[in-house]
There are 2 protein chains.
Amino acid sequence: MKPMGAVPPEFAEHPGALTIGGRSADEWAEAASDTPLFVYDPAVAAARVTRFRHAFPGVELSYAIKANPFPPFVARMAELVEGFDVASAGELRLASCAKPGHAIGFAGPGKRDAELAAAMEAGATINLESEGEAARALAIADRVGIVPRLAVRVNPDVELRGSGMRMGGRPSPFGVDAARAAALVRLVVAAGADWRGFHIYAGSQALDPQAIIDTQAATLALAARLATDAEAAPPVVNLGGGFGVPYFANDRALDVERVGAALGDALGRRGDALADSRFTIELGRWLVAECGVYLTRVVDRKESGGETFLVVDGGMHHQLAASGNLGTVVRRNYPLAVAGRMGAPAIETVSVVGCLCTPLDRLGDRVALPRAEVGDLIAIFMAGAYGATASPTAFLGHPPAIEMMA
Amino acid sequence: MKPMGAVPPEFAEHPGALTIGGRSADEWAEAASDTPLFVYDPAVAAARVTRFRHAFPGVELSYAIKANPFPPFVARMAELVEGFDVASAGELRLASCAKPGHAIGFAGPGKRDAELAAAMEAGATINLESEGEAARALAIADRVGIVPRLAVRVNPDVELRGSGMRMGGRPSPFGVDAARAAALVRLVVAAGADWRGFHIYAGSQALDPQAIIDTQAATLALAARLATDAEAAPPVVNLGGGFGVPYFANDRALDVERVGAALGDALGRRGDALADSRFTIELGRWLVAECGVYLTRVVDRKESGGETFLVVDGGMHHQLAASGNLGTVVRRNYPLAVAGRMGAPAIETVSVVGCLCTPLDRLGDRVALPRAEVGDLIAIFMAGAYGATASPTAFLGHPPAIEMMA
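A separate point is the pattern of salt bridges. Evaluation of the coordinates by the stated rule reveals 52 salt bridges over all chains. Between A:Arg51 and A:Glu257 there is a salt bridge; the shortest N-O distance is 2.8 Å. Note that A:Arg51 is positioned in helix 3 (residues 42-55) and A:Glu257 in helix 10 (residues 256-268), a separation of 206 residues in sequence. In this structure A:Arg51 comes out as partly exposed when scored by relative accessible area, which is 31%. Among the residues examined, A:Glu257 registers a relative accessible area of 38% and is labelled partly exposed. The residue B:Glu348 makes a salt bridge to B:Arg371 at a minimum N-O spacing of 4.0 Å. Of this pair, B:Glu348 sits in strand 18 (residues 348-353) while B:Arg371 sits in the loop between strand 19 (362-369) and strand 20 (377-380); the two residues are 23 residues apart in sequence, bridging distant segments of the chain. Residue B:Glu348 is classed as buried on the basis of its relative accessible area of 16%. Sharing partners across several salt bridges, the network here consists of A:Lys2, A:Arg362, A:Asp365 and A:Arg366.

As structure tokens, then:
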């Protein structure tokens, strides 16, 4: 038997049939007319936003659309946050539901000319990833006659310790090295652009609060130093994100209140260079991972070599990360459950495998569960972020997953 | 500097501008009106088929559509092979271009009732993965009044040594354990189904000819033993596939002639139980991986921490396997080249990264290349199998890749 992660508290509380937004898993499957499906409960995401507000008073919150770009979900998030982070022209179009005055930031290496132009026309802030991108953006702005909103994305000289994906402290495709950032600010300002400040993203999926505290402190210090060097006060400092969620056994939920208190202290002590700046934290996964449940039906129950397999109608074509094939070296189990028997004692060890004809398609490896029969629904949790769109949907020609909002 | 795999011979031969099917990479990009794009040269796949014919006289060849389901490509493959292997109702629809009399086999755990019914109506052979699936298939056949074509997929008690994905010799979601296979044959025959024989698939992506030779010999012995036990002569024995292709430095192309000679000997010595059987080998990757090239344009060229990055307009959303995120533990480099400078000396070490805003999106890690500038095309080879459809197309909202046939 191998361990699995903990079911998010909102779904673990009620024994019996799993309910999502007041409806049972069976009712959701019936409403969808088919399985597998993702159900997102925006109330769970809203609770995370509320928690953020209490922990980080005065800090603006931006939602990273890449985590879950389901259009009705993005529209709901627009009610809750002050801005969106987008990573492509496609995400920029989704962000058109942003409220007037809310900020849209466009980050990502390899922005194409058409994407830069579309971002300018939408009034988005382009987070410049390199001197070359700056030159292209300024040329396009000249051509189309727009004063572009440009921020400088900085590849920080610190990394976020313990993060799932480190994006600072090393040679990187993201941002300009800190040593060259002030020069790029001067260039952008001299060119007459609307310089929006800095975007500094050091890593993602960190669960150690001290690591995030240290990174945010270093980020503030870096922004202040760069502002001084550039002799320009940044209107906005985007501190990045990096807040992790507990996917696996022994993962411990991030103490965001501790992070928020430390950031509050650090902001209180900030020097003159950042005195008039606004501060933004950009979150995707932490806001939305826990609000989503993937429901998939058992199609076959079989024995092989003394082991039991539950074969479900979903799989890695919808849940690549849960199958252990997206950025993880060692495959570990996401939390999952038999949807009709939440809280029932585990009485057998089974592997939950998807319907794809490849051994990669394993959603639960030797997990302890109550007994499940053909026709039962299996719930895979932590499915609100990087699920449907971060998976190879067309692989082996199965239908796409249904997505629904609670 | 890190090594990369060898460019397939058909594309490595001509120095200068890369040509695919007689047109240069630039001409393909112009014909597509955009980048990135996949170009598939069916002549390269046809050459693999010819090589197979010489090495395996008398053995039938089935194309596993999952490797490349681009519809015009599947239609072209229909001219070259005796059958298709499909893994879903979606692939079954693609297989409707099969010539009359050609075999369609449907394998995969978790076939749903509607898929089983569709397969029966299409006259496909259903490779039964379990006793439960057999019971469902027979009930559906009864209901719709069809004599179903059913084969028994066997989880062999041998594994394919050195294969990228082992699918035998262990508890498995695929097929019924060898110890229970004869009983399932008896049940299927007694129920009045059209029993089509055995499907035995021990692994994939093997480059060691002796491993495949040993596996095929063991597969034949297993099929003979099961036929004797079941007192039923299998019309067809599907020997699986498993032929690998050289993706990485130091990978050595499979000596298929040696495998074919050994199989010919083994077939010549086969006993009475298999005397009247036909034999099929089912190949996907080996037939088509080398025929495809992914062309992506350099959008930015940047320096960070002393390293040079070429940022391209493609990425892991089209080429998940090349980014090292599909079933590989250690990331290694696929062969890639500057399309306009094939054979030119490598003068610098660069990393080729995709346009996605994630550090996972790396297509070439510190590879030695001729100098490339913004606007140049980068070619990533071995892109004919498990490329466009085995990748998270919607990740980060970029457009899908264009696919074209040479």
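On to the pairing of strand 5 (residues 83-86) of chain A, then. Residues and elements named next belong to chain A. Side chains of strand 5 alternate between two faces, with Gly83 and Asp85 and Phe84 and Val86 buried alike. Pairing between strand 4 (residues 60-64) and strand 5: three bridges, direction parallel. What sits directly across from Ala64, in strand 5, is Asp85. Taking the sense of rotation as the criterion, the β-α-β connection linking strand 4, helix 4 (residues 71-78) and strand 5 turns out right-handed. Inspection of the sheet shows strand 5 paired to strand 6 (residues 103-106) by four bridges, in the parallel sense. Its bridge partner lying in strand 6, Val86 is registered against Phe106. In this fold, the crossover linking strand 5 to strand 6 by way of helix 5 (residues 89-94) has right-handed handedness.

This brings us to helix 4 of chain A. Along helix 4 of chain A, the positions that sit buried rather than exposed are A:Phe73, A:Val74, A:Met77 and A:Ala78. For helix 4 of chain A, the angular spread of buried residues about the axis comes to 145°, placing them on one side.

A word on the domain arrangement of chain A. By a frequent convention, interface size equals the accessible area lost on bringing the separate parts together. Residue and element names in this part refer to chain A. Taken domain by domain, chain A comprises domain 1 (9-40 + 289-405) and domain 2 (107-283). A C-alpha centroid distance of 36 Å is found between domain 1 and domain 2. Every contact between the two is made by seven residues of domain 1 and, on the other side, four residues of domain 2. In total, domain 1 and domain 2 occlude about 660 Å² of area from one another, counting both sides; carbon and sulfur atoms represent 67% of this. Of all residues in domain 1, the largest losses of buried area upon contact with domain 2 belong to Arg332, Tyr334 and Met382, amounting jointly to 53% of the total for that side. The tally of links between domain 1 and domain 2 comes to zero salt bridges. At the boundary of domain 1 with domain 2, the tally comes to zero residue pairs in polar contact (both at pLDDT 80 or more). Here the side of domain 1 that touches domain 2 is built from residues that sort into four nonpolar, one polar and two charged.

With 69 residues of chain A at the interface, the matching set in chain B holds 69 residues. Counting every contact that joins chain A to chain B gives four salt bridges. In this structure, the salt-bridge partner of B:Arg112 is A:Asp34, at a minimum N-O distance of 2.6 Å. Where chain A packs against chain B, one counts 32 residue pairs in polar contact (both at pLDDT 80 or more). Listed by contribution, the elements that provide at least two residues to the side of chain A that touches chain B are helix 5, helix 7 (131-144), strand 8 (149-155), strand 9 (165-166), strand 15 (292-304) and strand 16 (307-312) of chain A. Residue contributions to the side of chain A that touches chain B peak at five residues, all from strand 15 of chain A.

The rules we used
- Residue positions are given per chain, counted from 1 along the sequence in the order it is written.
- Chain labels run from A onward and ligand labels from 1 onward, assigned in the order the entries are written.
- Local features in this predicted model are restricted to residues of pLDDT 70 or higher, and side-chain atom pairs are both shown and tallied only at a pLDDT of 80 or more, whereas totals for entire chains, interfaces and linings draw on every residue.
- Side-chain calculation: all heavy atoms of the structure are included, whereas hydrogens and water are not.
- One side-chain nitrogen of Lys or Arg within 4 Å of one carboxyl oxygen of Asp or Glu is enough to make a salt bridge.
- Secondary structure counts use DSSP, requiring at least four H or I residues in a row for a helix and at least two E residues in a row for a strand, with both numbered from the N terminus.
- Residue burial is assigned from relative accessible area. The probe radius is 1.4 Å, only protein chains are included, and a residue is buried under 20% of its type maximum, exposed over 50%, and partly exposed in between.
- The pairing criterion for strands is at least two bridges between them, as found by DSSP.
- The definition of a right-handed crossover adopted here requires that, viewed with the strands pointing away, the path from the first strand over the helix to the second runs clockwise.
- As used here, the arc is the angular range of directions from the helix axis to the C-beta atoms.
- An automatic or database domain assignment supplies the start and end points of every domain.
- Here, residues are in contact when the closest pair of their heavy atoms is within 4.5 Å.
- Using a 1.4 Å probe, buried area is obtained as the accessible area two parts lose upon being combined, added over both of them.
- Whenever two N or O atoms come within 3.5 Å, that pair is a polar contact, provided that in protein one can donate a hydrogen and the other can accept it, and provided that, for residues adjacent in sequence, both atoms are side-chain atoms.
- Put simply, Ala, Val, Leu, Ile, Met, Phe, Trp, Tyr, Cys and Pro go in the nonpolar bin, Asp, Glu, Lys and Arg in the charged bin, and everything else, Gly too, in the polar bin.

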